[in-house]
Structure formats: C-alpha cells, structure tokens
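The residues making up each chain are set out below.
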Amino acid sequence: MNAGAAFANTSWLAAGIPEWLRFRRATSNVEAVQRRLLGNYLSRNATTEFGQAHDFSGLTSWEDYAERVPIRTYDDFHPWIERIAQGEHNVMTSEKVAMLEPSSGSSGPEKWVPYTRTLQAEYRRAVAAWMAQNFIDSPGLLGGRAYWSLTPQPPKRERAQTRVPVGFDDDSAYLGGLAQRLVNLTLVTKPELRKIRDMERFRQITLLMLLRCPDLRLVSVWHPSYLLLLLAHLRRHWSSLLEDLHAGIDLSEPQLQISADPARARELDRSGPDDPTAIWPSLRLISCWGDAHAAGPIEDVRSSFPGVTVQPKGLVATEAFATLPFGAYRPLAVRSHFFEFMDEHGVVHPSWSLQQDESYSIVVTTGGG
C-alpha cells in the first residue's frame with residue numbers, strides 16, 4: 001500500500017460522500033432539482049447582455065425558457081465568446097470567465113468553452129459522486145496511485161490574441177479546489193508531461209512513469225484505443241524502457257526528471273511485456289469510453305486485462321459532464337447542469353419527461369454561460 005496515496009484517496013472519499021448522498025437523493029426528484037438549477041441560472045444571469053436579450057428576468061419556468069430561448073450551435077455563440085475572449089464582462093454570465101478551454105471534437109476548427117468557478121463546481125459534483133461510488137464498490141482503489149491520462153499540448157497554431165487565458169496548464173485543473181489537490185497527490189504522471197508534443201516521446205515517458213508504479217490501482221483514459229496504443233508501444237520498446245528505468249532520465253525541455261529504479265527494472269525484466277496484469281498486479285479499475293466507435297476497442301482492453309474491472313465512462317466532454325458511471329448504471333448528472341433533449345422530430349423535452357426506447361439529441365445549459 002502507498003501511504004500517501006491512501007491518505008489522499010481516503011480524504012477524497014470522505015469529502016465526496018456528502019455529494020454522493022445528495023446525488024442519490026436527486027435522482028429520485030429529477031424535475032425539482034433540474035427546475036431549481038435552471039432557475040438559479042436565470043436569476044444569476046438576468047443582468048448579463050445575453051440575459052437581457054432573452055428577458056431572463058421574465059422567465060419563470062422551463063416552459064418559458066424552452067419557448068423564448070432558442071437552441072443554438074457553437075457557431076451561434078461564437079460572436080459572444082469572442083467578446084469574452086477580448087476581456088468583456090457580463091456578456092453571457094455574471095461570473096468572471098477564468099479560462100477558455102479549447103475543444104475541437106473530432107474535426108473542425110478550435111472551439112472555446114468558457115470556464116467559470118460555477119462550471120468547475122458542476123464538474124466537481126459529478127466527479128465526487130462517481131469516484132465515491134467507485135471507492136465504495138472497490139475499496140482496493142484506496143490503497144494505491146492512479147493514472148488519469150494527460151492531454152499532450154497540440155502543436156502551436158495561429159490564434160488570435162485574447163485577454164482571457166486559453167487552456168488549462170494541467171488536466172486536473174478541470175476540478176480545481178480541494179479535489180484537484182487530492183487527485184494530484186495520487187497521480188503517477190507529472191503535469192510537465194503534457195508539454196511533450198512528439199507523440200512517440202510522450203508515450204515513452206508516460207510508460208516509464210507507469211512502469212515505476214507497481215501499486216497502480218486506477219486507470220482513467222478517454223478512448224480505449226489510447227490505452228491499446230500504449231500497450232503496443234510497451235511491447236515494441238520494452239528493452240529501451242527497461243534501460244531508461246534502470247538508469248533514469250533527466251529531460252531539459254520540458255524540465256522533467258525520472259529517477260533510476262534498477263530493482264524495478266530487474267523485476268520487470270523477469271515478467272516481460274506481454275501480461276499487463278503481471279506488470280501492474282494491484283490494478284483494480286480501468287475507466288474509458290465504451291459506446292459507439294469505442295465498443296470494439298473496449299473489448300480488446302478487457303481481453304488485455306483479465307480480472308480487472310473495465311468501466312465504460314458516461315458521456316463526458318469538455319463542454320459538459322452529462323452522464324456518469326454509478327454502479328451498474330450511467331445516470332444523468334442532474335446536479336451538474338440543466339439538460340434538455342431533442343427528439344427525432346425536433347421537439348424539445350425536459351429530462352423528467354423522457355420516454356424509454358426513444359432516441360434524443362442532448363442539449364445542455366451550464367454554469368459557464
């Protein structure tokens with residue numbers, strides 16, 4: 001057991017239990033919780049330019065909101081976000097926008113998602129309920145460290161000058177506050193890792209950090225293919241990884257030092273690269289996407305890690321935390337954002353009136369404006 005990680009994880013669990021209880025209660029009272037959340041958005045932002053343009057102060061219900069505030073795409077919001085980027089306040093939210101987080105999706109130009117303290121708190125609520133449930137379901141997670149995949153910085157692109165910072169320095173900054181500090185105490189990797197832009201080098205250093213961690217308990221990545229690519233790199237470069245592990249490395253750009261661990265290198269040399277569960281015998285949980293284009297790769301992850309629980313993530317994106325893994329279910333994160341759903345005929349429904357076996361597109365209103 002890693003004492004430092006155990007302390008941080010136990011503290012995180014203790015801090016998350018109240019939100020876990022609130023979330024459980026909220027799932028039995030979805031309409032009241034969602035209506036109250038929407039009402040708070042409308043009252044807090046009634047004096048913003050967006051709120052005045054849509055008469056937020058005169059909206060008293062979801063029915064009013066659905067009738068008088070049209071659904072928009074990012075392109076529709078782009079002029080408002082450009083003004084925020086140039087330092088204007090009280091545009092879409094009365095709260096200060098601390099960060100514009102890039103989100104390009106699978107294609108298309110870069111999009112900027114305004115991040116406020118309220119939006120961070122909404123993410124924290126969902127993560128707190130999710131992780132508390134994980135710790136309850138698998139207490140063994142408490143005793144060791146975790147790998148939450150870092151997003152490497154993309155190559156620098158031409159970007160207009162902004163007065164609001166663009167992009168978090170560290171993925172854990174999505175959470176902020178105490179949760180961020182506790183998560184950082186359990187991480188296998190270091191924030192400097194994301195500054196490596198060459199993907200082969202990024203994977204090499206990531207794996208080196210992971211190999212130094214025999215007490216790894218949790219792996220959380222986005223797409224399961226990313227984990228499969230790491231395993232392929234592990235097998236191709238096993239000898240060089242063990243050499244680096246035996247001797248240690250000291251990078252100058254970015255400044256990153258990984259100390260030598262000859263004993264661990266010898267231990268791994270005996271086990272070989274073909275059985276990940278022998279490399280990380282304490283691993284309990286792998287969390288990754290498991291739907292649509294990830295459905296095939298997640299089965300390959302299960303085959304690669306027999307005996308390890310592989311948990312399909314909920315619907316999580318830069319823009320919003322929509323659903324979360326919660327035991328055997330993936331319920332809507334009803335305490336985090338306000339959700340609407342558009343059916344195949346273009347009719348918009350609130351979350352409390354959905355019909356089983358129907359297909360919907362999700363529409364989200366968040367504390368980021």
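About the cut-offs
- Residues numbered from 1 in each chain as written.
- Predicted model: local features only at pLDDT ≥ 70, side-chain atom pairs only at ≥ 80, totals over all residues.
- Heavy atoms only, no water.
- Helix = DSSP H or I, 4+ residues; strand = E, 2+ residues; numbered from the N terminus.
- Rg over C-alpha atoms; globule rule 2.2 N^0.38 Å.
- Buried < 20%, exposed > 50% of the residue type's maximum accessible area, 1.4 Å probe, protein only.
- Contact = heavy atoms within 4.5 Å.
- Areas by Shrake-Rupley, 256 points an atom, 1.4 Å probe, with all protein chains shown as cover.
- Lys, Arg positive; Asp, Glu negative; His and termini not counted.
- Charge placed at Lys NZ, Arg CZ, Asp CG, Glu CD.
- Phe/Tyr/Trp six-rings, centres within 6.5 Å; stacked < 30°, edge-to-face > 60°.
- Lys NZ or Arg CZ within 6 Å of the ring centre and 35° of its normal.
- Arc of directions from axis to C-beta.
- Pairing = 2+ DSSP bridges.
- Axes fitted to C-alpha atoms, helices over the stretch in contact; angles between N-to-C directions.
- Parallel < 35°, antiparallel > 145°, perpendicular 65-115°, else oblique.
- Left-handed = near helix turned anticlockwise from the far one by under 90°.
- Nonpolar A, V, L, I, M, F, W, Y, C, P; charged D, E, K, R; others polar.
- Right-handed = clockwise from strand over helix to strand, strands pointing away.
- Core = buried A, V, L, I, M, F, W, Y, C linked by side-chain atoms within 4.5 Å.

Participant: Sorry if this is basic, but what is going on with the overall build of the chain here?
Facilitator: In terms of helices and strands, the chain carries 13 helices and 11 strands. Relative to its length of 369 residues, the chain is compact, with a C-alpha radius of gyration of 22 Å against a globular reference of 21 Å. The dimensions of the chain, computed from C-alpha atoms along their principal axes, are 70 × 45 × 40 Å. When each of the 369 residues of the chain is scored for burial, the buried share is 51%. By sequence separation, contacts in the chain at least 24 residues apart represent 68% of the contacts at least 6 residues apart. Put simply, the chain shows about 17900 Å² of open surface, and 51% of that area lies on carbon and sulfur atoms. Once the 38 positive and 42 negative side-chain charges of the chain are each reduced to a mean point, those two points are 7 Å apart.

Participant: When you look at the packing of aromatic side chains in this model, what are you seeing that I'm missing?
Facilitator: The geometry of an aromatic ring pair comes down to the distance between the two centres and the angle between the two planes. Throughout the structure, instances matching the rule amount to 13 aromatic pairs. Centre to centre, the rings of Y65 and F338 are 6.3 Å apart; their planes meet at 85 degrees, and the pair counts as edge-to-face. Separated by 273 residues along the polypeptide, Y65 in helix α4 (residues 62-68) and F338 in strand β9 (residues 338-343) bring together distant segments of the chain. For the pair W222 and W289, a centre-to-centre distance of 5.6 Å together with 50 degrees between the ring planes defines the contact as tilted. Remark: W289 occurs in the loop between β7 (285-288) and α13 (295-304) and W222 occurs in the loop between β4 (216-220) and α9 (224-236); sequence separation between them is 67 residues. Judged by its relative accessible area of 36%, W222 falls in the partly exposed class. One aromatic cluster is present, formed by W12, W130, F135 and W148 through successive ring pairs. Sitting above the plane of the W222 ring, K313 keeps its charged end 5.6 Å from the centroid.

Participant: Looking at this structure, how should I read helix α5 (residues 74-85)?
Facilitator: The α-helix winds at 3.6 residues per turn, so residues separated by three or four positions along the chain end up facing the same way. Listed in full, the buried residues belonging to α5 are Y74, W80, I81, I84 and A85. Here the buried residues of α5 occupy an arc of 145 degrees about the axis, which is enough to place them on one side. Tucked into the core, α5 has its buried residues touching α3 (49-53), β1 (99-103) and β2 (111-115). Positive phi shows up at G87, right after α5, with a value of about 100 degrees.

Participant: Would you mind going over the pairing of β4 with me for this structure?
Facilitator: Every other side chain in a regular strand lies on the same face of the sheet, so the side chains alternate between the two faces. In terms of burial, β4 is a largely internal element, five of the five residues being buried. The pairing of strand β3 (residues 145-148) with β4 spans four bridges and is parallel. Pairing of A146 across the sheet is with L218, part of β4.

Participant: Mind showing me how you'd approach the environment of L42 here?
Facilitator: Here L42 is to be found in helix α2 (residues 30-44). Along the chain, L42 and G58 lie 16 residues apart, while their C-alpha atoms are 9.2 Å from each other. Non-local contacts of L42, meaning those with residues more than four positions away in its chain, are made with F56, L59 and Y65.

Participant: Even after reading the chapter, I still don't get the sheet that holds β3, so can you show me in this structure?
Facilitator: Think of a sheet as strands paired side by side through backbone hydrogen bonds, with each pair either parallel or antiparallel. Pairing is parallel across the open sheet formed by four strands, whose spatial order is β3-β4-β7-β8. Single-partner strands in this sheet number two, and they are β3 and β8 (309-312). Pairs of neighbouring strands in the sheet enclose a mean axial angle of 15 degrees, with direction left out of account. Contacts from α13 reach β7 and β8, with the element oriented near 165 degrees to β8.

Participant: How should I be thinking about the packing of helix α1 (residues 3-26) against helix α7 (residues 177-186) in this particular structure?
Facilitator: Helix-helix packing is described using two parameters, namely the angle between the two axes and the distance between the axes. At a minimum axis distance of 8 Å, the contact between α1 and α7 shows a crossing angle of 150 degrees. Here α1 lies roughly antiparallel to α7, going by the angle between them. As α1 runs across α7, the sense of the crossing is left-handed. Judged by residue contacts, A5, A8, N9, S11, W12 and A15 of α1 engage L178, A179, L182, V183, L185 and T186 from α7. A breakdown of the residues in the contact of α1 with α7 according to their chemical character gives nine nonpolar, three polar and no charged.

Participant: Sorry, what's going on with the pairing of β8 here?
Facilitator: Bridge count between β7 and β8: four bridges; the pairing is parallel. Directly across from S287, in β8, lies its bridge partner Q311. Crossover β7 to β8 through α13 is right-handed.

Participant: In this structure, what is going on with the nonpolar core? I would like to understand it.
Facilitator: In a soluble, globular protein the nonpolar side chains are often hidden away together inside. Formed by 41 residues in total, the largest nonpolar core has its most connected members in I205, L211, L216, I286 and F305. The dominant element in this core, judged by the number of residues it contributes, is helix α8 (residues 199-211), at seven residues. Look past the residues within four positions of F305 in its chain and what remains in contact with it is L227, L231, P276, T277, W280, L283 and I286. Judged by nonpolar contacts, the second largest core, of 40 residues, contains A126, M131, F135 and L285.

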